[in-house]
Amino acid sequence: MRVHWTENALGHLINIYEYISINSPTYGKRMVDRITRRSEQIAIHPLSGRKVPEYEAKDIRELIEKPYRIIYCIKPDQIDVLAVIHSARLLPDEI
């Protein structure tokens with residue numbers, strides 16, 4: 001199944017890279033690479049992520065790539081990556 005990165009999620013990736021790159025551009029790139037590689041898992045196994053405890057929706061799931069949560073929505077024709085949130089942060093009421 002096709003994985004689509006929303007503008008919101010892409011913005012999160014850019015912010016993650018920029019923040020980590022202040023101290024190390026190499027580690028910033030590595031973290032973004034780890035997150036994007038991890039998202040490839042959901043193309044093959046969309047249900048492999050757990051349901052997001054903060055939301056009641058069955059189609060909203062997450063994968064953990066420490067220290068980040070990759071939050072995605074399963075749709076009939078594709079998977080939308082909605083957000084990449086540091087696990088220490090609270091999730092917003094809506095994504």
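Our structure is the block above this text.
Definitions and cut-offs
Residues numbered from 1 in each chain as written. Predicted model: local features only at pLDDT ≥ 70, side-chain atom pairs only at ≥ 80, totals over all residues. Heavy atoms only, no water. 1 Å grid on protein atoms, 1.4 Å probe; cavity = no way out; pocket = protein on both sides within 12 Å on 5 of 7 lines; lining within 4 Å. Points joined across faces, edges and corners; volume = space filled by probe spheres on them. Helix = DSSP H or I, 4+ residues; strand = E, 2+ residues; numbered from the N terminus. Core = buried A, V, L, I, M, F, W, Y, C linked by side-chain atoms within 4.5 Å. Buried < 20%, exposed > 50% of the residue type's maximum accessible area, 1.4 Å probe, protein only. Contact = heavy atoms within 4.5 Å.

Trainee: How should the layout of surface pockets be read in this particular structure?
Mentor: A water-sized probe rolled over the atoms picks out the places where empty space is left. Reported here for the largest pocket is a volume of approximately 230 Å³. His-12, Asn-15, Ile-16, Tyr-19, Tyr-68, Val-84, Ile-85, His-86, Arg-89 and Leu-90 together form the lining of the largest pocket. Taken together, the elements giving at least two residues each to the lining of the largest pocket come down to helix H1 (7–21) and strand E5 (78–86). Considering every element that reaches the lining of the largest pocket, the biggest residue donor is H1, with 4 residues.

Trainee: Honestly, the nonpolar core in this entry has me stumped. Any pointers?
Mentor: The nonpolar side chains of a soluble globular protein tend to be buried with one another. Trp-5, Ile-35 and Val-84 are the most contacted members of the largest nonpolar core, which has 15 residues in total. Among the elements of the structure, H1, helix H2 (25–44), strand E4 (68–74) and E5 are those that each provide at least two residues to this core. Looking at this core element by element, the count peaks at 4 residues for H2. Setting aside chain neighbours within four positions, we find Trp-5 in contact with Leu-10, Leu-13, Ile-35, Thr-36, Ser-39, Val-81 and Val-84.

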